[in-house]
Amino acid sequence: MFQEQIEQIQGLRLHLIPTEKYKTNTIVFKMKAPLRKEDVTLRALLPYVLQSATKTHPTMMQLRSYLDDLYGATLHVDLMKKGEYHIITFRIDIANEKFLKDAAPLLSKALELLHEILFSPLLENGAFSTKIVEQEKRVLKQKIQSIFDDKMRYANLRLVQEMYKGEPYALDVHGELQDVDQIDAKRLYAYYERALKEDDVDLYVIGDVDIAEVKTMVERLFSFSPRKGNALNDGIRKTKAEVKEIIERQDVKQGKLNIGYRTNVTYNDDDYYALQVWNGIFGGFSHSKLFINVREKASLAYYAASRVESHQGFLMVMSGIEPKNYEKAVKIINEQMEAMKKGDFTDEEITQTKAVIRNQLLETIDTPRGMVEVSYHNVIAQRKRPFHEWLQGIDAVTRDQIVQVAKKIELDTIYFLTEKDGENQ
Amino acid sequence: MKTIRYEQLQEQLFYEKLENGLDVYILPKKGFNKTYATFTTRYGSVDNRFVPFGQTEMKQVPDGIAHFLEHKLFEKEDGDVFQQFSKQGASANAFTSFTRTAYLFSSTTNVEKNLETLIDFVQSPYFTEQTVEKEKGIIAQEIRMYDDNPDWRLYFGLIESMYHEHPVKIDIAGTVESISEITKDLLYECYETFYHPSNMLLFIVGPVDHVKIMEQIRQNQARKTFRAAENIQRWHYEEPTEVAEAKKVIEMNVQTPKCLVGIKAKNVSRLGQEKLKHELAMNVLLDYLFGKSSPHYERLYQQGLIDETFAYDYTEEKEFGFALIGGDTPDPDQLATELKQTLFQFTTIHENELERIKKKKIGAFLRSLNSPEYIANQFTRYAFNEMSLFEVVPTLETLTVADIEAVASECLDEKQLTVCQVVPKAR
């Protein structure tokens with residue numbers, strides 16, 4: 001289990017998680033806003049510009065040398081999508097000085113650095129540095145283009161684009177290629193000033209730390225104005241129409257089959273735990289129906305798995321197969337889905353799946369990243385599910401509830417990336 | 001049972017060599033939920049020519065067989081071991097590298113049961129012609145998946161260019177053709193040769209009672225009979241010092257080109273502590289030249305030649321060693337030229353710079369000790385090369401400017417360098 005203390009410091013929610021199991025301390029800062037086409041590319045660029053330079057460390061070399069001097073503190077930024085939210089994350093991980101020969105305090109330095117990155121970026125004429133913005137625009141374009149090169153990621157992205165056409169969830173966290181060039185230093189900075197005022201902001205401090213001391217430090221350093229919170233408008237989600245089938249041809253050796261479903265169950269719903277167990281039996285693990293039937297029995301694939309997105313109610317099945325086996329694989333996957341709806345699974349499969357989910361949950365909170373992930377679900381959703389409730393909730397799921405969930409799940413889109421006609425024949 | 005204490009790190013390691021030759025290490029970790037265990041044999045993709053147990057002649061086996069065996073060991077007469085692990089709330093896995101095959105589980109409950117399952121399944125092979133045939137389709141798809149992965153193709157393209165003879169240049173999974181030659185008898189032959197306890201290491205890290213766990217392992221092994229340990233005779237490949245070819249270009253269905261520069265190690269005959277020192281010195285040199293705080297990284301980034309995919313690494317095993325440097329780039333030729341120039345222009349490192357990089361590496365080492373997976377896997381890799389993971393920090397601390405200059409003058413030689421690029425297919 002883990003202990004989490006939450007403090008509201010003006011507009012900032014501070015999450016303190018004390019633990020002695022690590023040799024380093026971790027600071028995670030998150031900014032959350034609704035996914036919108038007009039903002040997404042700006043947000044994709046923003047953290048990369050901020051982590052490039054500050055007033056005190058005006059070049060990447062200077063900033064990174066400073067991190068080296070702090071015993072190789074790491075600074076990472078990333079982007080993610082949870083439901084229809086876009087989330088920017090800054091993460092600093094720094095050695096706990098008690099394991100070092102010279103024992104200068106390091107955590108306060110890391111918090112000061114985070115403050116500097118957020119509130120004292122390198123500015124010129126009241127905007128970000130043009131040189132840095134231009135540099136990061138180029139890197140962003142290359143990053144968006146490179147998704148095409150990783151066929152597994154590309155197929156995931158394409159399925160989501162097709163399935164959620166016209167909905168915010170179709171947007172990729174890295175933004176839109178054609179929008180990058182319209183951004184300049186001034187516009188980006190103006191957006192950043194707005195985001196600092198409007199985004200939901202959460203700060204996590206995890207490690208062998210004194211709660212009161214960290215709280216005082218954060219109060220002294222950070223001052224986020226109070227904000228009203230950016231809840232999503234409900235009831236805009238489309239309902240399913242006809243099943244779409246999209247076949248895309250490229251020069252590939254393996255076909256990538258990605259199938260999208262609407263679960264109609266999210267983190268906010270009572271049957272969310274039942275959905276987790278359902279997914280575990282269906283395709284989440286190496287004892288699941290997909291692995292057993294697509295891989296072990298039919299030898300069609302090396303991987304065949306399913307994944308649930310908790311806040312969107314999105315379910316995806318993924319498998320890499322020989323192009324000629326498309327129909328065979330789709331048929332087997334459909335059969336597994338039907339079997340779930342009919343309750344065609346044993347009590348042993350339920351017990352086994354619950355044991356594995358329980359194990360996975362406990363393993364998740366063995367890493368700082370995992371603890372943040374578990375806690376942050378409760379920032380996104382209306383419904384709060386503390387960790388101990390997760391364990392009980394999974395345990396209490398019944399066969400009936402699993403079948404009920406199965407019946408809510410609707411096939412939406414089948415996407416297949418496959419070889420060009422006439423190849424390998 | 002021996003106790004090894006690491007005061008500064010506040011860790012204790014327990015070790016015993018069992019009668020049958022198996023090395024067992026236990027690192028208790030308080031506060032963690034998870035126990036992670038690896039059971040590893042000194043047997044990987046490069047071991048493709050050897051004298052099988054009970055025979056006298058060298059034998060060449062099909063490429064990819066070590067990896068194939070790894071897949072097949074999970075299957076038993078009464079079903080799949082994955083099923084058993086998941087009933088016991090564990091998640092199990094395995095991997096094959098150039099020099100090792102490792103079987104592992106992690107679990108937060110039933111640790112003793114899962115440990116028993118791990119040891120027993122690895123020590124009871126069950127191969128049939130039918131299950132071997134069935135696996136070929138699955139592994140063929142694993143190979144196809146890598147065929148479409150440009151980073152993997154780039155990585156193996158680079159190694160292929162470095163090595164003339166040594167099987168490190170062959171893909172770990174083999175090819176669809178080579179795995180078609182695998183039979184159950186060949187699998188048994190490899191198994192009998194390489195899976196003797198004296199060729200293996202068991203590592204357990206987690207919130208465990210080391211006395212109880214060690215006793216459990218002793219009893220488990222005492223119940224089984226093993227033949228006497230024998231030295232394994234592996235073919236020694238005569239590998240020329242210099243690279244096989246200077247440049248390779250692979251055309252693929254990609255939008256962004258990729259480029260790696262490889263440095264083939266000249267001398268891999270060092271052992272133990274000396275090897276560790278050499279490996280660390282080489283990594284310090286790469287950090288100094290190409291780390292995010294280096295002037296070269298900044299310049300290449302500003303020129304638009306690299307992005308955040310840029311990476312570098314040096315690793316050394318018993319018979320091979322290489323560095324690789326590079327990533328995505330719009331101009332792979334220009335990047336190759338710049339990287340080579342940076343390497344050749346190196347003369348020395350300033351004392352302050354060396355201290356800064358040491359600090360960075362010490363912090364990174366502490367961070368890696370947060371990860372039970374890292375500890376078990378890396379400890380095993382080091383142990384198989386007669387090095388110790390826990391000597392990393394003390395060894396780093398002894399590195400001098402002269403040590404860095406020495407590795408540079410040994411490795412930075414045009415004949416040791418090769419370039420591999422993945423570029424978009426001409427239309």
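Owing to the predicted nature of the structure, the values given are computational and were not obtained by experimental measurement.

For this particular structure, what's the right way to read helix H10 (residues 289-297) of chain A?
Three or four residues apart is the spacing at which side chains of an α-helix point the same way, because the helix has 3.6 residues per turn. All names here are of chain A. Within H10, eight of the nine residues are buried, leaving the element largely enclosed by the surrounding structure. Residues of H10 that are buried: Lys289, Leu290, Phe291, Ile292, Asn293, Val294, Arg295 and Glu296. Serine 299, located one to two residues past H10, shows a positive phi value of around 55°.

How do you make sense of the UniProt feature "domain: Peptidase M16 C-terminal" (unreviewed entry) in chain B when you look at a structure like this?
According to UniProt, the positions carrying the feature "domain: Peptidase M16 C-terminal" (unreviewed entry) are residues 182-360 of chain B. In residues 182-360 of chain B, helix accounts for 41% and strand for 19%; the two terminal C-alpha atoms are 46 Å from one another.

What is the right way to look at the interface of chain A and chain B in this model?
Think of interface size as the accessible area that goes away when the parts come together; that is how it is often given. Each side of the interface is counted separately: chain A has 66 residues, and chain B has 65 residues. Taking both partners together, chain A and chain B bury about 6100 Å²; carbon and sulfur atoms supply 49% of that area. The shortest N-O distance in the salt bridge between lysine 34 of chain B and glutamate 363 of chain A comes to 3.7 Å. Along the contact surface separating chain A from chain B lie 42 residue pairs in polar contact (both at pLDDT 80 or more). Of all the secondary structure elements, the ones that give two or more residues to the side of chain A that touches chain B are helix H2 (60-69), strand E5 (85-95), helix H4 (130-146), helix H5 (151-163), H10, strand E11 (301-309), strand E12 (314-321) and helix H12 (347-364) of chain A. Of the residues contributing to the side of chain A that touches chain B, the split by class is 25 nonpolar, 18 polar and 23 charged.

Help me out: how do you make sense of the packing of helix H9 (residues 272-284) of chain A against helix H11 (residues 326-341) of chain A in this one?
The axes of two packed helices give the description: the angle between them and the distance between them. Residue and element names in this part refer to chain A. H11 packs onto H9 with a crossing angle of 145° between their chain directions and a minimal axis gap of 11 Å. Taken as a pair, H9 and H11 cross one another with a handedness that is right-handed. Side by side, H9 and H11 meet where Trp278, Ile281 and Phe282 of the first sit next to Ile333, Gln336, Met337 and Met340 of the second. Of the residues in the contact of H9 with H11, the class split is six nonpolar, one polar and no charged.

I'm lost on the UniProt feature "domain: Peptidase M16 N-terminal" (unreviewed entry) in chain B in this one. Help?
In this structure's numbering, the residues bearing the UniProt feature "domain: Peptidase M16 N-terminal" (unreviewed entry) are residues 63-175 of chain B. The distance from the first to the last C-alpha atom of residues 63-175 of chain B is 7 Å, and the span holds 52% helix and 16% strand.

When you look at the pairing of strand E10 (residues 255-262) of chain A in this model, what are you seeing that I'm missing?
Regular strands place their side chains on alternate faces of the sheet. All names here are of chain A. Here E10 lies mainly inside the structure; eight of its eight residues are buried. Because side chains alternate across E10, one face comprises the buried residues Gly255, Leu257, Ile259 and Tyr261, and the other comprises Lys256, Asn258, Gly260 and Arg262, equally buried. Here E10 runs beside E12; their pairing, made up of eight bridges, is antiparallel. Residue pairing across strands places lysine 256 opposite glycine 320, the latter belonging to E12. Pairing between E10 and strand E13 (residues 410-419): seven bridges, direction antiparallel. By the bridge assignment for E13, lysine 256 is matched with leucine 417.

Where do I start with the sheet that holds E12 of chain A in this structure?
Pairing between sheet strands relies on hydrogen bonds along the backbone, with the strands arranged either parallel or antiparallel. Residue and element names in this part refer to chain A. The five strands are arranged E9-E13-E10-E12-E11 in an open sheet whose pairing can be described as mixed. In this open sheet, the two strands that pair with only one neighbour each are strand E9 (244-250) and E11. Going across the sheet, the axis of each strand differs from the next one's by a mean of 15°, ignoring polarity. Strand contacts of H5: E9, E10, E11, E12 and E13, with the helix running at about 35° to E10, the strand carrying the most contacts.

Would you mind going over unusual backbone geometry with me for this structure?
One non-glycine residue, tyrosine 71 of chain A, adopts positive backbone phi at about 45°. Relative to the elements of secondary structure, tyrosine 71 of chain A occurs in the loop between H2 and strand E4 (74-82). Unusually for a residue other than glycine, glutamate 386 of chain B sits at a positive phi of about 55°. With respect to the helices, strands and loops of the structure, glutamate 386 of chain B is situated in the loop between helix H13 (372-384) and helix H14 (392-398).

Help me understand the environment of alanine 73 of chain A in this model?
With respect to the helices and strands, the residue alanine 73 of chain A is situated in the loop between H2 and E4. Judged by its relative accessible area of 7%, alanine 73 of chain A falls in the buried class. Separated by 103 residues in the primary sequence, alanine 73 of chain A and glutamate 176 of chain A place their C-alpha atoms 32 Å from one another. In this structure alanine 73 of chain A touches Leu67, Asp93 and Ile94 of chain A together with Arg367 of chain B, once residues within four positions along its chain are discounted.

When you look at the domain arrangement of chain A in this model, what are you seeing that I'm missing?
All names here are of chain A. Split into domains, chain A comes out as domain 1 (5-221) and domain 2 (244-419). On a C-alpha basis, the centres of domain 1 and domain 2 stand 30 Å from each other. Contacts between the two partners involve 36 residues from domain 1 and, on the opposite side, 36 residues from domain 2. Between domain 1 and domain 2, roughly 3000 Å² of surface is buried when both sides are summed, and carbon and sulfur atoms account for 63% of that area. Three residues stand out in domain 1 for area buried against domain 2, namely Lys82, Leu159 and Met163, and they jointly supply 20% of the buried area on that side. Counting the contacts that link domain 1 with domain 2 gives three salt bridges. Of the charged contacts, one joins glutamate 248 and arginine 158 as a salt bridge, the two residues approaching to 2.9 Å between their closest N and O atoms. In this structure, the connection of domain 1 to domain 2 is made through 13 residue pairs in polar contact (both at pLDDT 80 or more). Every element with two or more residues in the side of domain 1 that touches domain 2 is listed here: strand E2 (12-18), strand E3 (24-34), E4, E5, H5 and strand E8 (200-207). At 10 residues, H5 tops the list of elements feeding residues into the side of domain 1 that touches domain 2. Class assignment for the residues of the side of domain 1 that touches domain 2 results in 17 nonpolar, five polar and 14 charged.

Would you mind showing me how to read the domain arrangement of chain B here?
All names here are of chain B. What the domain assignment reports for chain B is domain 1 (2-222) and domain 2 (247-424). A straight line from the C-alpha centre of domain 1 to that of domain 2 covers 27 Å. Each partner contributes residues to the interface: domain 1 has 39 residues there, and domain 2 has 38 residues. Buried surface at the junction of domain 1 and domain 2, summed over both partners, amounts to about 3400 Å²; 75% is from carbon and sulfur atoms. It is Leu154, Leu158 and Met162 that lose the most area in domain 1 upon contact with domain 2, and together they represent 19% of the buried surface on that side.

About the criteria used
Residues numbered from 1 in each chain as written. Chains lettered and ligands numbered in written order. Predicted model: local features only at pLDDT ≥ 70, side-chain atom pairs only at ≥ 80, totals over all residues. Heavy atoms only, no water. Buried < 20%, exposed > 50% of the residue type's maximum accessible area, 1.4 Å probe, protein only. Helix = DSSP H or I, 4+ residues; strand = E, 2+ residues; numbered from the N terminus. UniProt positions renumbered as here; feature names shortened; annotations may be inferred. Contact = heavy atoms within 4.5 Å. Buried area = accessible area lost by both parts, 1.4 Å probe. Salt bridge = Lys/Arg side-chain N within 4 Å of Asp/Glu carboxyl O. Polar contact = N/O pair within 3.5 Å; in protein donor to acceptor, adjacent residues only side chain to side chain. Nonpolar A, V, L, I, M, F, W, Y, C, P; charged D, E, K, R; others polar. Axes fitted to C-alpha atoms, helices over the stretch in contact; angles between N-to-C directions. Left-handed = near helix turned anticlockwise from the far one by under 90°. Pairing = 2+ DSSP bridges. Domains from an automatic or database assignment.

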